[in-house]
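Each chain is listed here by its residues.
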Amino acid sequence: MDPKQKIEQLVEQKKDKFIALSRTIWEFAELGYEEYQSSETLCKSLEEEGFAVTKKLAGIPTAFKGVWGSGNPVIGILGEYDALPGLSQKAGCPVKTPLHENGAGHGCGHNLLGAGAMAGAVALKEYLESTKQAGTIIYFGTPAEENLSGKAFMARDGVFDGVDFFYTWHPSSFNRIGAVHMNANISRIYEFKGITAHAGGAPHLGRSALDSCELMGVGANYLREHIIMEARIHYAYLDVGGRAPNVVQDHAAVRYVIRAPYLRQVKDIIKRVDQIAEGAALMSGTTVTYHTESGYSEYIPNNVLAETADKALHEIGGPLWDEQDFALAKDFTEAFNDQSKEKERETIIQRYGRDKLAEKLQNPLDTQIEKYDKNHIIMEFGSTDAGDVGYIAPTVHLNIATEALETPGHSWLKAGQANSSIGLKGMVTAAKVIALSCVKMIEDPDKIKQAKAEFMQKNNGIYDCPVAGVTELPKL
Ligand SMILES: [Zn+2]
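Residues numbered from 1 in each chain as written. Predicted model: local features only at pLDDT ≥ 70, side-chain atom pairs only at ≥ 80, totals over all residues. Heavy atoms only, no water.

A closer look at the overall build of the protein chain
Part 1 of the argument: Helix and strand content of the protein chain: 14 helices and 14 strands.
Part 2 of the argument: Dimensions along the principal axes, computed over C-alpha positions, put the protein chain at roughly 85 × 50 × 40 Å.
Part 3 of the argument: Taken across its 476 residues, the protein chain has 58% of its residues classed as buried.
Part 4 of the argument: For the protein chain, the share of sequence-separated contacts (at least 6 apart) that also reach a separation of at least 24 residues comes to 81%.
Part 5 of the argument: When the accessible area of the protein chain is evaluated, it comes to approximately 19,800 Å², of which 51% is carbon and sulfur surface. (Helix = DSSP H or I, 4+ residues; strand = E, 2+ residues; numbered from the N terminus. Buried < 20%, exposed > 50% of the residue type's maximum accessible area, 1.4 Å probe, protein only. Contact = heavy atoms within 4.5 Å. Areas by Shrake-Rupley, 256 points an atom, 1.4 Å probe, with all protein chains shown as cover.)

Focus on the sheet that holds strand β11 (residues 287-296)
Part 1 of the argument: If you walk across this open sheet you meet the four strands as β9-β10-β8-β11, and the pairing is antiparallel. Two strands close off the open sheet at either side, each with one partner strand: β9 (232-239) and β11. Pairwise comparison of adjacent strand axes, ignoring direction, gives a mean angle of 20 degrees for this sheet.
Part 2 of the argument: Inspection of the sheet shows strand β8 (residues 184-193) paired to β11 by nine bridges, in the antiparallel sense. Looking at β11, one finds that Asn185 is bridged to Tyr296.
Part 3 of the argument: With respect to the sheet, helix α6 (residues 263-284) is in contact with β8, β10 (251-260) and β11, its orientation differing from that of β8 by roughly 10 degrees. (Pairing = 2+ DSSP bridges. Axes fitted to C-alpha atoms, helices over the stretch in contact; angles between N-to-C directions.)

Comments concerning the packing of aromatic side chains
Pairs of aromatic rings are described using the distance from one ring centre to the other and the angle between the two planes.
Part 1 of the argument: This structure, assessed with the given rule, holds 11 aromatic pairs.
Part 2 of the argument: Considering the side-chain rings of Phe64 and Tyr81, the 5.8 Å spacing of their centres and the 25 degrees angle between planes classify their relative orientation as stacked. Of this pair, Phe64 sits in strand β2 (residues 64-70) while Tyr81 is found in the loop between β3 (74-79) and α3 (110-131), placing the two residues 17 residues apart along the sequence.
Part 3 of the argument: For Tyr81, a relative accessible area of 0% corresponds to the buried category.
Part 4 of the argument: Both rings, one in Tyr190 and one in Tyr256, keep their centres 5.9 Å apart while their planes meet at 90 degrees; by these two values the pair is edge-to-face. Residue Tyr190 is located in strand β8, and its partner Tyr256 is located in strand β10; the two are separated by 66 residues in the primary sequence. (Phe/Tyr/Trp six-rings, centres within 6.5 Å; stacked < 30°, edge-to-face > 60°.)

As for the coordination of the zinc ion
Part 1 of the argument: The zinc ion binds to the protein through Cys108 (SG), His110 (NE2) and His170 (NE2), with metal-donor distances spanning 2.1 to 2.3 Å.
Part 2 of the argument: Going along the chain, you hit the donors of the zinc ion in the pattern C-x1-H-x59-H. Of the two residues, His110 is situated in helix α3 and His170 in strand β5 (residues 165-172); the sequence distance between them amounts to 60 residues.
Part 3 of the argument: Judged by its relative accessible area of 0%, His110 is buried. (Donors = N, O, S within 2.8 Å, 3.2 Å for Na, K, Ca; no water.)

Some remarks on helix α14 (residues 445-459)
Part 1 of the argument: Given a rise of 1.5 Å per residue, 15 residues ought to cover 21 Å, and the 22 Å separating the end C-alpha atoms of α14 matches this to within 8%.
Part 2 of the argument: Buried residues of α14: Lys447, Ile448, Ala451, Glu454, Phe455 and Asn459, and no others. Seen from one end, α14 has its buried residues packed into an arc of 125 degrees, which puts them on one side. Relative to its buried face, α14 has exposed residues pointing more than 90 degrees away, namely Lys449 and Gln457. (Expected span 1.5 Å × (residues − 1). Arc of directions from axis to C-beta.)

A look at the packing of helix α1 (residues 3-28) against helix α2 (residues 36-48)
Between two packed helices, the angle of one axis relative to the other and the distance separating the axes together describe the packing.
Part 1 of the argument: Where α1 meets α2, the closest approach of the two axes is 9 Å, and the angle between their N-to-C directions is 165 degrees. In terms of orientation, α1 lies roughly antiparallel with respect to α2. Viewed along their axes, α1 and α2 form a crossing whose handedness is right-handed. Side by side, α1 and α2 meet where Lys17, Leu21, Thr24, Ile25 and Phe28 of the first sit next to Gln37, Ser38, Thr41, Leu42, Ser45 and Glu48 of the second. (Parallel < 35°, antiparallel > 145°, perpendicular 65-115°, else oblique. Left-handed = near helix turned anticlockwise from the far one by under 90°.)

Looking at the side chain of His106
Part 1 of the argument: In this fold, His106 is placed in the loop between β3 and α3.
Part 2 of the argument: Among the residues examined, His106 registers a relative accessible area of 1% and is labelled buried.
Part 3 of the argument: Of the polar contacts made by the side chain of His106, one reaches the backbone oxygen of Ile25; its length is 3.2 Å.
Part 4 of the argument: Residues within four places of His106 in sequence aside, it is in contact with Ile25, Trp26, Ala29, Tyr81, Asp82, Ala83, Asn111, Lys414, Ala415 and Ala418. (Polar contact = N/O pair within 3.5 Å; in protein donor to acceptor, adjacent residues only side chain to side chain.)

What about the environment of Ala20?
Part 1 of the argument: With respect to the element layout, Ala20 can be found in helix α1.
Part 2 of the argument: Through-space distance from the C-alpha of Ala20 to that of Val288 is 49 Å; in sequence the pair is 268 residues apart.

Comments concerning unusual backbone geometry
Part 1 of the argument: The step from Asn72 to Pro73 runs through a cis peptide bond, and the omega angle for that step is -5 degrees.
Part 2 of the argument: Secondary-structure assignment places Pro73 in the loop between β2 and β3.
Part 3 of the argument: Of note, Tyr33 is a non-glycine position whose phi angle comes to about 65 degrees, a positive value.
Part 4 of the argument: Within the secondary structure, Tyr33 is located in the loop between α1 and α2.

Some thoughts on the domain arrangement of the protein chain
Part 1 of the argument: Under the domain assignment, the protein chain is made up of domain 1 (3-182 + 298-459) and domain 2 (184-295).
Part 2 of the argument: Put simply, the middle of domain 1 and the middle of domain 2, counted by C-alpha atoms, are 36 Å apart.
Part 3 of the argument: With 14 residues of domain 1 at the interface, the matching set in domain 2 holds 11 residues.
Part 4 of the argument: Of the roughly 870 Å² buried at the junction of domain 1 and domain 2 (both faces included), carbon and sulfur atoms supply 49%.
Part 5 of the argument: Contact with domain 2 buries area across many residues of domain 1, yet Glu298, Phe381 and Ser383 alone supply 52% of it, more than any other trio.
Part 6 of the argument: There are zero salt bridges connecting domain 1 and domain 2.
Part 7 of the argument: Applying the counting criterion to the domain 1 and domain 2 interface returns six residue pairs in polar contact (both at pLDDT 80 or more). (Domains from an automatic or database assignment. Buried area = accessible area lost by both parts, 1.4 Å probe. Salt bridge = Lys/Arg side-chain N within 4 Å of Asp/Glu carboxyl O.)

Take a look at the structure:
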């Protein structure tokens, strides 16, 4: 039996277990750093499969790893399991129906990510056992991918050291490895302190911290024109000082997130945002303090790992959809807003050709595999903390279709599909592709050397951690 057939058989044998696991994690829908039940359940599964589990990595209660095997190579497989606030949705339901009003939901499909990556790790373990090959497999349970950069803290504390290469995946509309470049970002909190006063009787005695935040916003707006166009400046108020307009607000705080293709660019922009905060404090007669709370390095795939995964994906093939899957996907696309519908049409034309538009609008699931082309860089403006792992060792995160074409990210539509036949089929495919990619790397040690050489060329092995010096885990 060739490796592809063997891996397929191993994943198929245990797929029901991992489908059930994914559904359980989906139901827990726990937010970043609060994934207590999810991480416990994942640890239990790993132990059942013969992995030696260590919990609370890097001092994070919901970070863990499971190790199996011995000797080289050492293979890392990354799993995520955090949910997003406000995206609760009934499983498989294409009409907005929250399970819990304002509850959290798996609107980024990390239930599929964590369980699917584990199914891949277990199949790989069984493959190595049956072929009597050496190798150490480490499944890393990495919490708080959303906003709170769990992997950056783990990477900073050396959790990923000693691993030869990493594979992971992310639920998507597409089947592709993709030369995807994802942005670095840093999240920073600015806290202003002023002087309270009677806003009617003695406003001249007050110094408003809320005014400082507003002035900072004006400054940031002017800055936006004079930074590289790929950069983004986002903000959210954390403290508006109070609800009473007749009291001068003596405290206020705002969070800024700066994104750009490279961390060094983010750092340059942050220096200017800091100056704007200082200027705002000067103008309003307040004081300001600021600190970084979380951060992400840019994600750049390792080409050797990506080309290997591309071969594995082409051998395995994308998920095999049936009529019910297509019909369900169509129902979900009908709930898209006009902009998402337009994006879906554009993508179909670009990916399948105009002559297939009508047919694909009826059957809006990806049925092809995009060929990996290292020269065709796809700029994605989001971020992933897999980028930080990529500065510890060669890393690739691949995409497998788990939802209707162009399902909007971080939406109830995504949460609904993450516990449907569509999402779960994609997850099983992802497990096979991850396991087969690892087998291809293990069985060709030269590839591991090449992947490492490429890794060293990119950054000389230096990791400039975006959360260096951050002493507390961030909270949303
Ligand atoms: Zn995600």
